[in-house]
Amino acid sequence: MKLANRVQNLKPSATLAITAKAKALKAEGIDVIGFGAGEPDFDTPDNVKDEAINAINEGFTKYTVVGGTDELKDAIIATLKRDHNLSYERSEILVSCGAKHTIYNITQALFEAGDEVIIPAPYWVSYPDQIMLTGATPVILQTEESNKFKIDPEELRKCINSNTSAIILNYPSNPTGTTYSEDELRVIVDICLENGMTIISDEIYEKILYGDNVHVPVAALSKEARESTILVNGVSKSYSMTGWRIGYAAGDKEVISAMSKLQGQSTSNPTSISQMATIEALNGPQGFINERAQEFHRRKNYIVTRLNSIDGFSCFDPLGAFYVFPSISGFIGKEFNGKKISGSIDFTEFLLEEAKVAVVPGIAFGKEDYLRISYATSMKNIEEGMDRIERAVKQLT
Ligand code: PMP
Ligand code: GLU
């Protein structure tokens with residue numbers, strides 16, 4: 001059968017592919033440590049699970065309205081109010097099957113051939129492909145480790161032209177763990193607003209922040225910023241609910257209505273049971289989120305110290321999320337058994353073969369000579385994984 005061009009040019013999600021590869025090796029009995037998966041190792045809280053079980057027992061197992069029940073929208077509205085003093089109406093909220101689906105709906109509703117969408121790199125793997133699926137052109141704006149992987153306002157200005165339609169911001173960032181202070185964010189957002197751009201703000205890691213970093217949503221900066229922003233969030237990361245598939249958008253009601261129309265013709269409602277569970281997640285006790293963030297902080301400190309003590313690595317100390325994004329430039333050009341390491345893919349393959357450790361190559365995030373290690377796994381795995389990496393890289397000549 002002939003495949004459409006749109007899928008022929010589509011790359012598989014590298015993060016999901018590496019996670020699947022590590023799982024397959026484990027199933028074959030090979031002792032692989034998986035640092036690929038971007039999902040918390042913690043369990044979904046019991047009160048949330050109980051609510052899902054209640055939903056099943058009470059027969060809440062049928063279609064719901066496409067964009068999420070009023071009760072769930074109200075819980076989302078209350079969360080945005082409680083956490084950030086943001087005010088939204090039901091018509092400005094759409095619940096979808098995970099934040100990935102939310103972003104898919106946004107890009108399909110907003111972009112088409114001729115549009116340019118700025119994506120700061122390193123970026124989350126799905127942004128460029130989702131933009132390309134609309135026919136629009138992703139414009140990659142590189143950021144540098146020397147600037148904590150933050151957008152340089154002058155470089156941003158250079159990317160903007162009359163075709164520029166939007167930018168995708170993601171902070172705390174997957175994969176670098178960088179984030180923005182309110183002042184830094186204002187500079188970036190002002191440039192976007194001056195140029196009439198839409199801001200897609202993916203804030204899914206907002207609850208995982210270290211030290212005195214505070215999360216400020218773009219939409220909270222000003223009335224103008226709120227009007228031009230589609231806020232993206234979900235329960236996957238904060239509530240350890242990756243498999244439940246609930247994400248949401250908050251923004252302009254015409255855009256939300258267009259997204260809802262798309263969703264009504266594609267997936268319909270997100271799972272009724274997950275919607276009930278999400279209401280409990282958002283309205284129930286929140287204390288565990290901070291406890292889990294502290295555990296991520298402890299792991300982050302350990303992994304950054306270990307990596308920086310190994311010759312060849314240099315690792316930026318993340319401000320949030322649960323990834324480190326170390327530079328591997330110290331290993332490029334080295335050899336193992338006559339095989340040269342020429343980039344992040346070679347290095348990742350070397351680590352999988354020799355150290356039995358699965359990580360994601362930097363090039364999947366648009367940045368060569370780096371790699372991403374997720375520390376959303378136990379301290380025991382992290383310690384063992386770091387030992388293995390340290391032993392393996394000593395063999396490079
Ligand atoms: N945005 C970012 C930056 C992510 O890392 C993820 C993780 N998969 C998502 C969106 C999507 O999350 P989900 O679809 O599980 O809600
Ligand atoms: N966001 C996670 C990651 O980056 C999950 C995998 C995915 O959806 O791509 O690993």
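As a reminder, the structure under discussion sits directly above these lines.
Anyway, here's the lowdown on the structure attached to this text. Quick caveat: nothing in here was measured; it's all calculated off a predicted structure.

Parameters at a glance
- Each chain has its residues counted from 1, running along the sequence as written.
- To read the labels, note that chains go from A and ligands from 1, taken in the order they are written.
- The predicted origin of the model limits local features to residues at a pLDDT of at least 70 and limits the giving and counting of side-chain atom pairs to 80 or more, whereas totals for whole chains, interfaces and linings rest on all residues.
- To obtain the side-chain values, all non-hydrogen atoms of the structure were included, while hydrogens and water were left out.
- Proximity criterion: a residue is near a molecule or strand once any of its heavy atoms comes within 4 Å of it.
- Whenever a nitrogen or oxygen atom comes within 3.5 Å of another N or O atom, the pair is scored as a polar contact, on the condition that within protein one atom can donate a hydrogen and the other can accept it, and that pairs from neighbouring residues in sequence are kept only if both atoms are in side chains.
- Each accessible area is a Shrake-Rupley result for a 1.4 Å probe, and residues are judged covered by the shown protein chains and nothing else.
- Put simply, Ala, Val, Leu, Ile, Met, Phe, Trp, Tyr, Cys and Pro go in the nonpolar bin, Asp, Glu, Lys and Arg in the charged bin, and everything else, Gly too, in the polar bin.
- The helix and strand labels rest on DSSP assignments: H or I over at least four residues marks a helix, E over at least two residues marks a strand, and numbering proceeds from the N terminus.
- For a helix, the expected span equals 1.5 Å multiplied by the residue count minus one.
- Three exposure classes are used, based on accessible area relative to the maximum for each residue type with a 1.4 Å probe and protein chains only: buried under 20%, partly exposed in between, and exposed over 50%.
- Note on definitions: a residue-residue contact is assigned when non-hydrogen atoms from the two residues lie within 4.5 Å.
- Salt-bridge detection follows one rule: a side-chain nitrogen of Lys or Arg within 4 Å of a carboxyl oxygen of Asp or Glu.
- The pairing criterion for strands is at least two bridges between them, as found by DSSP.
- Interaxial angle, 0 to 180 degrees, is taken between N-to-C directions of lines fitted to C-alpha atoms, where a helix line uses only the stretch in contact.
- We call Phe, Tyr and Trp rings a pair once their centres come within 6.5 Å, taking the six-membered ring for Trp, and we label the pair stacked below 30 degrees between planes, edge-to-face above 60, and tilted otherwise.
- As a reminder, the over-ring test applies to NZ of lysine and CZ of arginine, requiring each to be within 6 Å of the ring centre and within 35 degrees of the ring normal.

A word on the site of ligand 1. In the vicinity of ligand 1 there are 13 residues, among which Ala99, Asp202, Tyr205, Ser236 and Lys237 approach most closely. The separation between an oxygen atom of ligand 1 and a polar main-chain atom of Lys100 is 3.0 Å. One of the side-chain N or O atoms of Asp202 is found 2.6 Å from a nitrogen atom in ligand 1. Taken by itself ligand 1 offers 390 Å² of open surface, and the protein chains cover 92% of this. Class assignment of the residues belonging to the shell around ligand 1 gives a composition of five nonpolar, four polar and four charged.

What follows is about the site of ligand 2. In the vicinity of ligand 2, the residues found are Ser13, Thr15, Leu16, Gly38, Lys100, Trp124, Asn174, Lys237, Tyr323 and Arg372. Interatomic distance of 2.9 Å between a side-chain N/O atom of Asn174 and an oxygen atom of ligand 2. Taking Lys237, its side chain carries an N or O atom lying 3.2 Å from a nitrogen atom of ligand 2. Considered class by class, the residues forming the shell around ligand 2 number three nonpolar, four polar and three charged.

Across its 15 residues, helix H14 (residues 379-393) extends 21 Å between first and last C-alpha, which sits within 8% of the 21 Å expected from 1.5 Å per residue. Every buried residue of H14 is listed here: Met379, Ile382, Gly385, Met386, Arg388, Ile389, Ala392 and Val393. On its buried face, H14 sits against strand E1 (33-34), helix H12 (287-309), helix H13 (344-355), strand E12 (357-358) and strand E14 (371-374).

Let us look at the pattern of salt bridges. Taken as a whole and judged by the stated rule, the model has 22 salt bridges. Across the pair Glu155 and Lys158 runs a salt bridge, and its minimum N-O distance is 2.9 Å. Residue Glu155 and its partner Lys158 are both found in helix H7 (residues 153-159); the two are separated by three residues, about one turn of the helix. Using a relative accessible area of 32% as the deciding quantity, one classes Glu155 as partly exposed. Judged by relative accessible area, which is 63%, Lys158 ranks as exposed. A salt bridge links Arg299 to Glu295; the shortest N-O distance between them is 3.0 Å. Of this pair, Arg299 and Glu295 both sit in helix H12, four residues apart, which is roughly one turn of that helix. Its relative accessible area of 3% is what places Arg299 among the buried residues. Residue class for Glu295 comes out buried when judged on its relative accessible area of 18%. Salt bridges here are not isolated pairs; linked through shared partners, they connect Asp41, Glu295, Arg298 and Arg299.

Read from one edge to the other, the open sheet built from seven strands follows the order E2-E8-E7-E6-E5-E3-E4, with strand pairing classed as mixed. Bordering the open sheet on either side are strand E2 (93-96) and strand E4 (137-142), each of which pairs with just one other strand. On average, each strand axis in the sheet is inclined to that of its neighbour by 20°, with strand direction left out of account. As judged from the five bridges shared by strand E5 (residues 164-170) and strand E6 (residues 198-202), these two strands associate in the parallel manner. Bridge pairing links Ala166 to Thr198 in E6. On top of the sheet, helix H4 (residues 70-84) reaches E2, strand E7 (229-234) and strand E8 (247-250); it is set at about 115° to E2, its chief contact.

To continue, consider unusual backbone geometry. The amide bond that connects Tyr171 to the next residue, Pro172, takes the cis arrangement and shows omega of -15°. Position of Pro172 relative to the elements: it lies in the loop between E5 and helix H8 (182-194). Residue Lys356 is not a glycine yet carries a positive backbone phi of 55°. Relative to the elements of secondary structure, Lys356 occurs in the loop between H13 and E12. Under the relative-accessibility criterion, Lys356 is labelled partly exposed at 30%.

On to the packing of aromatic side chains. Pairs of aromatic rings are described using the distance from one ring centre to the other and the angle between the two planes. Using the criterion set out here, one finds 19 aromatic pairs in the structure. Note on Tyr205 and Tyr323: the rings are 5.7 Å apart at their centroids and 80° apart in plane angle, and the pair reads as edge-to-face. Taken together, the residues span a long stretch of sequence, with Tyr205 in the loop between E6 and helix H9 (223-228) and Tyr323 in strand E9 (residues 323-324) at a distance of 118 residues. Each member of the pair Tyr205 and Tyr323 is classed as buried. Ring plane angle 55° and centroid distance 5.0 Å describe the contact between Phe322 and Tyr323, whose orientation is recorded as tilted. One exposure class covers both Phe322 and Tyr323, and it is buried. Here a set of aromatic residues connected by ring pairs shows up, and it is made of Phe42, Tyr205, Phe296, Phe322, Tyr323 and Tyr375. One residue, Lys150, lies across the ring of Tyr180, its end atom 5.9 Å from the ring centre. Looking at Arg226, its charged tip hangs above the ring of Tyr88, at a distance of 4.1 Å from the centre.

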